[in-house]
Every structure is written in structure tokens, then in C-alpha cells.
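Observations on the model geometry
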Amino acid sequence: YNLAVLPTVFQADREVVLAAVRKDGTALAYADEALLDDHEIVLEAVRQDCRAFDHLFRAQKRDREIFLAAARRKGSFLKHADPALKKDREIVLEVVRQHGDAL
């Protein structure tokens, strides 16, 4: 799953990267930058490992679906959320359900 050891041609291959992040979300760190705009790849990476959230572009960190996936894995993400996401009832409720101590 370590994309870092693969030739750059594979780091830019959508299917290879998608398979890698489904096994290890942190593999996103070694994906070609062009694939960081791919919603499916980013979402799969964050669902697999919320630490992948650290490698996202700013706009993706404000994406409701992506943020919710990360917050489901680690409730403390809520304190770093975009202000609009902190006011989202579904997100707050999900964090409380999954990680009540995160508040």
C-alpha cells in the first residue's frame, strides 16, 4: 500500500491510488497532486484513516461529506472544522453519538 516506493506513473494512476487508499488512507500523501482533487479517492482515504484529512486541500476540508467521514473516525476533528460545519446539526449529532467526549 506504500505508494512512496512506486514509480511516479503509478502514483498518478487513479485505479492504483484508489486501491491503495482503500487499504491505507495515509497513502494519499504519496498520490499525484492531480488525484487530490478526486472526490472518490479523497473520501475513501478519509473513511479508511482520518489522518488522510491532513493531506487535503483547504476546500476539501470544508466539504461536508468528507468532513463527516473524518469526524466519524475521530470526533476531535470538530474543533478544527470550518465554522459552517460546526453549526451543522447532523455533523454535531454524529460526533456526539460516536465520540461524546470529543466535545
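Definitions and limits used
- Residues numbered from 1 in each chain as written.
- Predicted model: local features only at pLDDT ≥ 70, side-chain atom pairs only at ≥ 80, totals over all residues.
- Heavy atoms only, no water.
- Helix = DSSP H or I, 4+ residues; strand = E, 2+ residues; numbered from the N terminus.
- Rg over C-alpha atoms; globule rule 2.2 N^0.38 Å.
- Buried < 20%, exposed > 50% of the residue type's maximum accessible area, 1.4 Å probe, protein only.
- Contact = heavy atoms within 4.5 Å.
- Areas by Shrake-Rupley, 256 points an atom, 1.4 Å probe, with all protein chains shown as cover.
- Lys, Arg positive; Asp, Glu negative; His and termini not counted.
- Charge placed at Lys NZ, Arg CZ, Asp CG, Glu CD.
- Patch = residues over 30% accessible without salt bridge, like charges linked within 9 Å, V, L, I, M, F, W, Y side chains within 5 Å.
- Salt bridge = Lys/Arg side-chain N within 4 Å of Asp/Glu carboxyl O.
- Phe/Tyr/Trp six-rings, centres within 6.5 Å; stacked < 30°, edge-to-face > 60°.

This part is about the overall build of the protein. Counting its regular elements, the protein contains 7 helices and 0 strands. Put simply, the protein runs from its N terminus to its C terminus through helices and strands in the order α-α-α-α-α-α-α. The globule rule puts the C-alpha radius of gyration for 103 residues at 13 Å, and the 14 Å found for the protein is close to it. C-alpha extents for the protein along the principal axes are approximately 40 × 20 × 15 Å. Counting only residues that meet the buried cut, the protein has 40% of its 103 residues in that class. Put simply, 38% of the contacts in the protein that link residues at least 6 apart link residues at least 24 apart. In the structure as shown, the protein presents an accessible area of about 6,200 Å², 48% of it carried by carbon and sulfur atoms. Taking the average location of the 17 positive side-chain charges in the protein and that of its 18 negative ones, the two points are 8 Å from each other.

Here we take up a nonpolar patch on the surface. Together, Val5, Leu6, Val9 and Phe10 make up an exposed nonpolar region whose accessible area comes to about 370 Å². Along the chain, the position of Phe10 falls in helix H1 (residues 8-11).

Another aspect to go through is the packing of aromatic side chains. What characterises a pair of aromatic rings is the spacing of the ring centres plus the angle enclosed by the ring planes. Taken as a whole, this structure holds 1 aromatic pair when the rule is applied. Ring plane angle 70° and centroid distance 5.8 Å describe the contact between Phe53 and Phe67, whose orientation is recorded as edge-to-face. Within this pair, whereas Phe53 is found in the loop between helix H3 (39-48) and helix H4 (58-61), its partner Phe67 is found in helix H5 (residues 64-73), the two being separated by 14 residues in sequence. Note on accessibility: Phe53 and Phe67 belong to one class, buried.

Turning next to the pattern of salt bridges. Where charged atoms from two side chains of opposite charge come close, those side chains can pair. Tallying each qualifying case throughout the model produces 10 salt bridges. When the shortest N-O distance is used, the salt bridge between Glu90 and Arg64 registers 2.4 Å. Of the two residues, Glu90 is situated in helix H7 (residues 89-98) and Arg64 in helix H5; the sequence distance between them amounts to 26 residues. Owing to a relative accessible area of 39%, Glu90 belongs among the partly exposed residues under this scheme.

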